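Chain by chain, the residues run as shown.
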Amino acid sequence: MTPASTGASTRVDAVASVPSAPPPAVETRMSPGGPGYRRMSLALFLAGVATFALLYSTQALLPLVSGDFAVSASDASWTVSAATGGLALFVLPMSALSERFGRRTVMTASLAVAVTLGLLVPFAPSLGALVALRALQGAALAGLPASATAYLAEEVTQKALVTAIGLFVAGNSVGGMSGRVITGWVAQEWGWRAAVGVIGLVAVACAVAFRLLLPVPRHFRAGSLAPRVLAGTVRRHLGNPLLRRLFAIGALFMTVFGGVYTVIGYRLTEEPFSLPQGVAGSVFLVYLVGTVSASAAGRLVGRLGRRGALYAGGATTAAGLLLSLADTLPLVLLGLVLITAGFFAGHAVASSAVGRTATEGRAQAAALYQSAYYIGSSAGSAVGALAFHAGGWSGTVAVGLVAVAGVAAITLAGTRAAVRAGEARAA
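Residues numbered from 1 in each chain as written. Predicted model: local features only at pLDDT ≥ 70, side-chain atom pairs only at ≥ 80, totals over all residues. Heavy atoms only, no water.

Looking at an unreviewed UniProt entry, one finds the protein named MFS transporter and attributed to Streptomyces werraensis. Quoted verbatim from the Subcellular location (unreviewed entry) field of the UniProt record, the comment on the protein reads "Cell membrane". The record held by UniProt for the protein lists under Sequence similarities (unreviewed entry) the comment "Belongs to the major facilitator superfamily." (UniProt positions renumbered as here; feature names shortened; annotations may be inferred.)

Take a look at the structure:
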């Protein structure tokens, strides 16, 4: 019987015939306040702590290593350069493994091998053996930085990416600080071997917590391990002018940082300061400034833009280098604060920009950045130590100022390229 014959309204049928709107897409990536974000942030923060604590575990102890093995500052600096060099060499192959086997798996395996080697480092019988162990440790740690950046780019919303990477970088700063401070005081009482052993135990705890906390990835898609595919991805990344500039900026920022913190222990334990080893190691508490500046990188980019934030980071670093030339301890410390703040802000901005720029092969893009970054660290440690040997602290500062000038020049080139691109679109 028809609705009209029964007196029933035809409104229901009319409404039913109108197609309903599709439901809004559900965002499955993590964001601040959302499910899993806090666990993820803490897990990667602890991974960053373990990475930097292990990677630079001998840096604050170089005067003691020099004395134990009767070698110069430049020879002892190879215990740092070997670790960062090993990481730089292996970060790209490890990123390829993460494309195939997953970010979480590779990060876990890397930490496991690195902490095992960290427990062997205190028993090195010679400088050569110590350098070899440190190189292997750096190679093992290569699975962390690129995989972590790629994990975040895949699992975190684009809006929260700079902040999330800033937290990972903040973990690096805390690891670098705590490793140096702890080793300084432990070494003052029981020697450098006990100090690096303690760092190994701290890293074990961080590695276990990382594995328990990190959420299982939901957006990872396995890629190919074929060399031809990997080579093609790397070639496309290196062909991108913006990515090339970001790689160079990361390397130059780290050249400054590696040089300064490799030899600062020598400067502070020698005249005119003559600080005890424990007190000199405590100077690395200024890394807390890096934790703050890295975490605030997202807000800095929001206010100044990416290039403006890079200019600000470079200017802050240069001001710190110049202040550190003073023979007054408070001014030297203020200089270190500014160097640290500028470096970590610049690094967080550049590394997050790599994650946003690369639309494919993110692990390879991050690996190329990390490779350049740690090549800069190795170069900074070696050249900074040589400059210190040849010309004292002013020699190390000169190396740093040249690197900062390079950051400014590359950023300026990027600004001009962006202006030209805007003019071309307007035309």
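**A closer look at the overall build of the protein**
Helix and strand counts for the protein come out as 19 helices and zero strands. At 25 Å, the protein has a C-alpha radius of gyration in line with the 22 Å of a compact globule built from 427 residues. Overall, the protein is about 105 × 50 × 45 Å in size when its C-alpha atoms are taken along their principal axes. Sequence separation of 24 or more characterises 84% of the internal contacts of the protein that already satisfy a separation of 6 or more. Per element, the accessible surface of the protein, about 17,500 Å² overall, is 67% carbon and sulfur. When the 29 positive and 13 negative side-chain charges of the protein are each reduced to one mean point, those points stand 11 Å apart. (Helix = DSSP H or I, 4+ residues; strand = E, 2+ residues; numbered from the N terminus. Rg over C-alpha atoms; globule rule 2.2 N^0.38 Å. Contact = heavy atoms within 4.5 Å. Areas by Shrake-Rupley, 256 points an atom, 1.4 Å probe, with all protein chains shown as cover. Lys, Arg positive; Asp, Glu negative; His and termini not counted. Charge placed at Lys NZ, Arg CZ, Asp CG, Glu CD.)

**Considering the environment of phenylalanine 90**
Here phenylalanine 90 is to be found in helix α6 (residues 78-101). A relative accessible area of 41% means that phenylalanine 90 is categorised as partly exposed. Here the alpha-carbon distance between phenylalanine 90 and arginine 235, two residues 145 residues apart in the chain, equals 17 Å. Once residues lying within four places of it in the same chain are set aside, the contact partners of phenylalanine 90 are Ala139 and Ala142. (Buried < 20%, exposed > 50% of the residue type's maximum accessible area, 1.4 Å probe, protein only.)

**With respect to the packing of aromatic side chains**
What the rule picks out here adds up to 10 aromatic pairs. Here the aromatic rings of phenylalanine 343 and tyrosine 373 are separated by 6.2 Å at their centres, their planes lie at 20°, and the arrangement is stacked. Here phenylalanine 343, found in helix α17 (residues 329-357), pairs with tyrosine 373, found in helix α18 (residues 362-391); they are 30 residues apart in sequence, far enough to count as distant. Under the relative-accessibility criterion, tyrosine 373 is labelled buried at 1%. Chaining the aromatic ring pairs together yields one cluster made of Phe257, Tyr261, Phe343, Phe344, Tyr369, Tyr373 and Tyr374. (Phe/Tyr/Trp six-rings, centres within 6.5 Å; stacked < 30°, edge-to-face > 60°.)

**Notes on a nonpolar patch on the surface**
Taken together, Ile182, Val198 and Val202 make up a surface patch of nonpolar side chains, about 170 Å² in accessible area. Along the chain, valine 198 turns up in helix α11 (residues 192-213). (Patch = residues over 30% accessible without salt bridge, like charges linked within 9 Å, V, L, I, M, F, W, Y side chains within 5 Å. Salt bridge = Lys/Arg side-chain N within 4 Å of Asp/Glu carboxyl O.)

**A few points about the pattern of salt bridges**
Within this structure, the stated rule accounts for three salt bridges. For the salt bridge of arginine 103 with glutamate 154, the shortest nitrogen-to-oxygen distance reads 2.3 Å. Of this pair, arginine 103 sits in helix α7 (residues 103-120) while glutamate 154 sits in helix α9 (residues 145-155); the two residues are 51 residues apart in sequence, bridging distant segments of the chain. Here arginine 103 falls in the buried class, since its relative accessible area comes to 2%. The closest approach of N and O atoms between aspartate 327 and arginine 267, which form a salt bridge, is 3.3 Å.

**What to know about the confidence of the model for the protein**
Averaged over the protein, the pLDDT score is 83; the fraction of residues at 70 or greater is 91%. The weakest mean pLDDT in the protein belongs to helix α2 (residues 11-16) at 45; the strongest belongs to helix α8 (residues 127-141) at 95. The model gives residues 1-18 a pLDDT under 50, and that stretch makes four contacts with residues more than four places away or in other chains. (pLDDT = per-residue confidence, 0-100.)

**So, the side chain of threonine 84**
Along the chain, the position of threonine 84 falls in helix α6. We classify threonine 84 as buried; its relative accessible area is 0%. Among the polar contacts listed, one links the side chain of threonine 84 to the backbone oxygen of serine 81, at a separation of 3.2 Å. (Polar contact = N/O pair within 3.5 Å; in protein donor to acceptor, adjacent residues only side chain to side chain.)

**Observations regarding the environment of glycine 48**
Along the chain, glycine 48 falls in helix α3 (residues 37-55). When the C-alpha atoms of glycine 48 and valine 174 are compared, they prove to be 8.0 Å apart, with 126 residues separating the residues in sequence. Setting aside its immediate chain neighbours within four residues, glycine 48 contacts Phe168, Gly171 and Asn172.

**Some words on the side chain of serine 74**
On the secondary structure map, serine 74 appears in helix α5 (residues 73-76). Relative accessible area serves as the criterion here: at 18%, serine 74 is assigned to the buried category. Polar side-chain contacts of serine 74 include one of 3.1 Å to the side chain of serine 72.

**Details of unusual backbone geometry**
Residue proline 272 is bonded to the preceding glutamate 271 through a cis peptide linkage, with omega at 5°. Residue position: proline 272 is located in the loop between α13 (241-269) and α14 (277-282). Phi at serine 274 is positive, roughly 50°, even though this residue is not glycine. Looking at the secondary structure, you find serine 274 in the loop between α13 and α14.

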